[in-house]
Amino acid sequence: MQGDSIDHAPDPARLALRGLRVLEIGTGPALAYTGKLFADFGAEVVKVEAPAGDAWERMPPLLDGPEPRSALWAWLHTNKRSVTADPARDAGWLQQLAQTCDVVLDARALDEGLAVLTRPAAGTTPAPVEIVFTWFGEDGPYSACAGSEAVCRALSGAVFNSGPVEGPPHMPHELQTGIAAGLAAFSVAVAAWSGRAHGSRRYVLSVHEAVFHTVEMEAGMVQDGRHAPRLGVNRFCGTHPTGIYPTASGWIGIFTHTLPQWVALCEAIGRPELAHDARYANGAERMARADEIDAMLRAALLTRTAEQWFEDLGTRKHPTVLVPTMAELLAQPVHRGRHAFVPVQSGSTVFEGPAVPLRLGAAGPLRGGAAPARGADDAHYRGAGLARQPVRTTGTAQRLPLESTTIVDLTMGWAGPLAARTAADLGAEVIKVESAVYPDWWRGANFTEEFYRERLYEKNANFNLMNRHKLGITLDLARPEGRQLLLQLVAQADAVIENYSAEVLPKLGLDYAALHKVNPRLVMVSMPAFGLGNAWSDTRAYGGTLEQASGLPLYTGHADGPPAMTSYAYGDPVGGLNAGAALLLALHVQRDTGQGMHLNLSQVEAMLPMAAPFVLEQSLRGTVAERQGNRHPLHAPHGCWRCAGADDWLVVSVRDDRQWQALCRVLVRADLATDAGLAHAAGRRAQHGRIDAAIADWTATRRADAAMQQLQQAGVSAGTVRSIPKLMDDAHLHARGFWQRLERAHVGHYQSSSTPWRQDGRPQPIRQVAPTLGEHTAQVLGERLRLTPAQLDALEQQGITGRSARPKAGRSAA
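Residues numbered from 1 in each chain as written. Predicted model: local features only at pLDDT ≥ 70, side-chain atom pairs only at ≥ 80, totals over all residues. Heavy atoms only, no water.

1. Considerations on the overall build of the chain
Within the chain one finds 33 helices and 24 strands. Against the compact-globule benchmark of 28 Å for 814 residues, the chain has a radius of gyration of 26 Å, which places it among compact chains. Its C-alpha atoms give the chain principal-axis dimensions of roughly 80 × 65 × 50 Å. Within the chain, the fraction of its 814 residues that count as buried is 63%. (Helix = DSSP H or I, 4+ residues; strand = E, 2+ residues; numbered from the N terminus. Rg over C-alpha atoms; globule rule 2.2 N^0.38 Å. Buried < 20%, exposed > 50% of the residue type's maximum accessible area, 1.4 Å probe, protein only.)

2. Remarks on the pattern of salt bridges
Oppositely charged side chains can form a pair if their charged atoms are brought close together. Within this structure, the stated rule accounts for 56 salt bridges. The salt bridge partner of Arg736 is Glu209, with a shortest N-O separation of 2.7 Å. Of the two residues, Arg736 sits in the loop between helix H31 (731-735) and strand E22 (740-744) while Glu209 sits in helix H6 (residues 207-212), which places them 527 residues apart along the sequence. By the burial criterion, Arg736 is buried, and Glu209 matches it. The shortest N-O distance in the salt bridge between Arg226 and Asp224 comes to 3.5 Å. Its relative accessible area of 26% is what places Asp224 among the partly exposed residues. Ionic contacts of the salt-bridge type, sharing partners, join the residues Glu49, Glu57, Glu67, Arg69 and Arg374 into one network. (Salt bridge = Lys/Arg side-chain N within 4 Å of Asp/Glu carboxyl O.)

3. Comments concerning the sheet that holds strand E8 (residues 251-254)
In a beta sheet, neighbouring strands are held together by backbone hydrogen bonds and run either parallel or antiparallel to one another. Pairing is antiparallel across the open sheet formed by 3 strands, whose spatial order is E7-E8-E9. In this open sheet, the two strands that pair with only one neighbour each are strand E7 (244-246) and strand E9 (320-323). On average, each strand axis in the sheet is inclined to that of its neighbour by 30 degrees, with strand direction left out of account. Where E8 meets E9, 4 bridges bridge the pair, whose relative direction is antiparallel. Within E9, the residue paired with Ile252 across the bridge is Leu322. Where helix H10 (residues 290-301) meets the sheet, it contacts E7 and E8, and its direction lies at approximately 45 degrees from that of E7. (Pairing = 2+ DSSP bridges. Axes fitted to C-alpha atoms, helices over the stretch in contact; angles between N-to-C directions. Contact = heavy atoms within 4.5 Å.)

4. Looking at the environment of Ala428
Relative to the assigned elements, Ala428 resides in the loop between helix H15 (415-425) and strand E14 (429-434). Its relative accessible area of 2% is what places Ala428 among the buried residues. C-alpha of Ala428 to C-alpha of Arg806: the two residues are 378 residues apart in sequence and 30 Å apart in space. If sequence neighbours within four positions are ignored, Ala428 has contacts with Leu402, Thr405, Ile407, Ala423 and Arg767.

5. A closer look at the pairing of E22
The alternating pattern of E22 places Gln740, Leu742 and Arg744 on a buried face, while none of Arg741 and Glu743, on the opposite face, is buried. Across 5 bridges, the pairing between E22 and strand E23 (residues 748-752) is antiparallel. Directly across from Gln740, in E23, lies its bridge partner Ser752. Taken together, E22 and the strand that follows it, E23, pair antiparallel across an intervening segment of 3 residues, in which His746 is found at a positive phi of about 80 degrees.

6. A look at the packing of aromatic side chains
This structure, assessed with the given rule, holds 21 aromatic pairs. Here the aromatic rings of Phe212 and Trp739 are separated by 5.5 Å at their centres, their planes lie at 85 degrees, and the arrangement is edge-to-face. Pair noted here: Phe212 is in helix H6 and Trp739 is in the loop between H31 and E22, with a separation of 527 residues, a long-range link. For the pair Phe212 and Trp739, a shared accessibility class is recorded, and that class is buried. When the centroid spacing of 5.2 Å and the interplanar angle of 15 degrees are considered together, the rings of Tyr555 and Phe614 count as stacked. In this pair, Tyr555 sits in the loop between helix H21 (543-549) and helix H22 (571-593) while Phe614 sits in helix H24 (residues 612-621), placing the two residues 59 residues apart along the sequence. For the cation-ring pair, Arg230 lies above Phe160, with the distance from its terminal atom to the ring centre recorded as 5.1 Å. One residue, Arg304, lies across the ring of Trp309, its end atom 4.7 Å from the ring centre. (Phe/Tyr/Trp six-rings, centres within 6.5 Å; stacked < 30°, edge-to-face > 60°. Lys NZ or Arg CZ within 6 Å of the ring centre and 35° of its normal.)

7. With respect to the packing of helix H5 (residues 175-194) against H22
Remark: H5 packs on H22, axes separated minimally by 9 Å, with the N-to-C direction vectors making an angle of 20 degrees. On the basis of the axis angle, H5 is roughly parallel to H22. Both H5 and H22 take part in a crossing whose hand is left-handed. Across the interface between the two elements, Ala180, Leu183, Phe186, Ser187, Val190, Ala191, Trp193 and Ser194 of H5 pack against Leu577, Asn578, Gly580, Ala581, Leu584, Leu585, His588 and Arg591 of H22. (Parallel < 35°, antiparallel > 145°, perpendicular 65-115°, else oblique. Left-handed = near helix turned anticlockwise from the far one by under 90°.)

8. Some details on helix H8 (residues 259-268)
For H8, the tally of buried residues reaches 7 of 10 residues, placing the bulk of the element in the interior. Of the positions making up H8, those classed as buried are Gln261, Trp262, Val263, Ala264, Leu265, Cys266 and Ala268. The inward-facing, buried residues of H8 abut E8, helix H9 (283-288), H10 and helix H11 (306-315).

9. Looking at the nonpolar core
Side chains of nonpolar character tend, in soluble globular proteins, to be buried together. In this structure, Phe38, Phe133 and Leu360 are the most contacted members of the largest nonpolar core, which totals 169 residues. Counting residues per element, this core draws most heavily on H5, at 14 residues. Not counting chain neighbours up to four residues away, the residues in contact with Phe133 comprise Ala30, Leu31, Thr34, Leu105, Asp106, Ala107, Ala109, Leu110, Ala185 and Leu205. (Core = buried A, V, L, I, M, F, W, Y, C linked by side-chain atoms within 4.5 Å.)

10. Topic: empty space enclosed by the protein
Using the criterion set out here, one finds 8 cavities of 30 Å³ or more in the structure. In this structure, the largest cavity spans a volume of roughly 220 Å³. Every element with two or more residues in the lining of the largest cavity is listed here: H5, H15 and H22. Ranked by residues supplied to the lining of the largest cavity, first place goes to H5 with 5 residues. (1 Å grid on protein atoms, 1.4 Å probe; cavity = no way out; pocket = protein on both sides within 12 Å on 5 of 7 lines; lining within 4 Å. Points joined across faces, edges and corners; volume = space filled by probe spheres on them.)

11. Description of the environment of Gly774
Among the structural elements, Gly774 can be located in the loop between strand E24 (757-758) and helix H32 (777-785). Residue Gly774 is classed as buried on the basis of its relative accessible area, which comes to 1%. Residues Gly774 and Ala805 lie 31 residues apart in sequence; the distance between their C-alpha atoms is 9.3 Å. With residues up to four places along the chain from it excluded, the contact list for Gly774 reads Gly472, Ile473, Thr474, Gly802 and Arg803.

12. A short note on the sheet that holds strand E11 (residues 349-354)
Read from one edge to the other, the open sheet built from 3 strands follows the order E11-E10-E12, with strand pairing classed as mixed. Lying at the two open borders of the sheet, with one neighbouring strand each, are E11 and strand E12 (369-370). In this sheet, E11 lies alongside strand E10 (residues 341-346) in antiparallel orientation, the contact comprising 6 bridges. Counterpart to Val342 in the pairing with E11 is Gly353. Packing against the sheet, H24 makes contact with E10 and E11, and its axis sits at approximately 145 degrees to E11.

13. Quick word on unusual backbone geometry
In this structure, Pro61 follows Pro60 across a cis peptide bond, with omega equal to 0 degrees. Among the secondary structure elements, Pro61 is positioned in the loop between strand E2 (44-49) and helix H2 (71-76). That bond from His240 to Pro241 is cis: its omega, 0 degrees, falls within 30 degrees of zero. When you line up the elements, Pro241 lands in the loop between helix H7 (216-223) and E7.

14. Notes on the pairing of strand E17 (residues 523-526)
Every second residue of E17 is oriented toward a common face, with Val523 and Val525 on one face and Met524 and Ser526 on the other, all of them buried. With 4 bridges joining them, E17 and strand E18 (residues 597-600) adopt parallel strand pairing. From the neighbouring strand, Val525 faces E18, where its bridge partner is Leu599.

15. Notes on the side chain of Gln332
Along the chain, Gln332 turns up in the loop between helix H12 (326-331) and helix H13 (333-337). What makes Gln332 buried here is its relative accessible area of 7%. Setting aside its immediate chain neighbours within four residues, Gln332 contacts Leu322, Pro324 and Trp536.

This is a description of form; function is not addressed.
This is the structure:
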């Protein structure tokens, strides 16, 4: 039995992806992070670079040396091989090299500097698994647009709601967009390789659609009529306080959602009279008084240190975390104990960066590594390396890769259900287990008489978005009969995923030891905020507190503003994407070895790669530079400009000198175009203010969509900052069929998103809408456990199962 994965050091002979050869061709953080995940789990990743190098080799922070090289680039390329290729001369050799590989990661569509890989002719050796990265997909109105991470993020709805009310919205480091897309690409690549006999090999990823999934919850809120405009820094949706506050020493992050949490906060700060004051009874009332509450909290929280507040509020079960500087983050014992930071070597320089957060113990990831010198492996891959003959399969069934896999889903909310949905989208049978007394809290947690009478628990759009393709059953796990039925289901399953508080399953006798006893090959994913088995394992957290605990807000936002969170509950989708990738990787190991494992995932740790530029800079320099707002460390101009419409904004991201000249022509600014000091990005960065003013004058007289169209026609990377309501009417997404109109009991028609990847040019069909409460209990227990109709009726009569939510005994439905 393999216990909690962090207790097992990686074993090179047992790494999850050992023996695979992966070709990485192209540039950008999405491709690089996908390749990093493969390499750090033991795959032989061959990175193809142009002779002049990768643009990201100049991305700060830079290492010292005669030819400064990016520490961030080194972190993204640990444990890879490097070859160089000339696009005109080496197309044939690259095609040969690709045919020696098991997986090809192809991001040439994001960059014009590398050779195009051609598809093998019919009847020749079947292609390897291929993941094609695009900005906007291969069809639709945006498919020919000039893209960038910032433009994709703006058009995806992931920028609009972040930042001051008056704007401009915040634009985070583009690495974050790359990581979100990279996790999506890695997940489908691992699943495709594991299920390669099913015949599905080529997947096309849209970076635009991938980054949307970090704010997908807001699409549910739009459909529920609960979506709010931009409310200000650290103010999201309909609850408060959810901010970051200075204390006597350090910063504290809090997220107050429920009434008991508000009561606990009031008592902690010495204002118990406000705990049950009707003016603060719910999130909407508190949001209406947010300025008043913030003023009160700022005064109260300055009376003690962040450490003291963290301990006090944690004892009261209020979601509270320390918001660390990078120096503090690197020193936190919980992260050190989990090996969350690993050595990275570039040349003779060694520094620390975030570990890959998918923890499989002996199966990986490697604890650090070295980045290759450019072209270091040219000789091998132009010689003996071309002799490799990969094992090919000839499956033509075109089934989804995980169709033979069964997963028991014990998760609630956003992160866990998103992770399980990742597997369900790829064909796994996912059995979602709820209780009729405690259904998934995303169905609702305000247990009024109306909640039960009107079945409001069936009408939450976010629940419907996150739980497609799942079978839904109910079991009361607080009773022995319910636990026994769960154990029988687990005995037949491949995996279990859960996101309960750390103490819940052990108290029920359903921890990994108990589940492993009935199924020794079981994979189990647990995903508390700080992982299991440490001093902070019992910390209560929401998606917002996960981001706060990563330290990222201290380095996000405008230089003259407060620490800024990126979006509502950012840690939830990031944690869900990581947990989904970890689950798929563990299932691959299970298929390979027949062995089970318990994955001890930390959702805070899953956020740390997003903060990698700042972690690396702290490790290298002992400090982190001041925030740069919406400016880019390499490109200029780069930012977000107000347009003529109400709250109408445009992102412009000039990626090279050719785009700069095109921009000047659109602006009709020959003076800027001919200024030698602005010919290159370094000079433009030095005069950013002058350029900002010129762009602002131009955008102020145009609507954002018209400005985007004019700039795109000129070849300039630009995109409208879409709000989520407008995104749901976006012509490109509708042309691609991304929004699928579904029908479900109790809600009628609603709009569902699609996967960010496609197999055949069409959106993945949605086979099953989200289940109603207990909808498939009889089907699952009857077919899998052979229960008779009489036995099923008895279970429902005893309250062990049920198809309607009901109050807990003693809890009134007032």
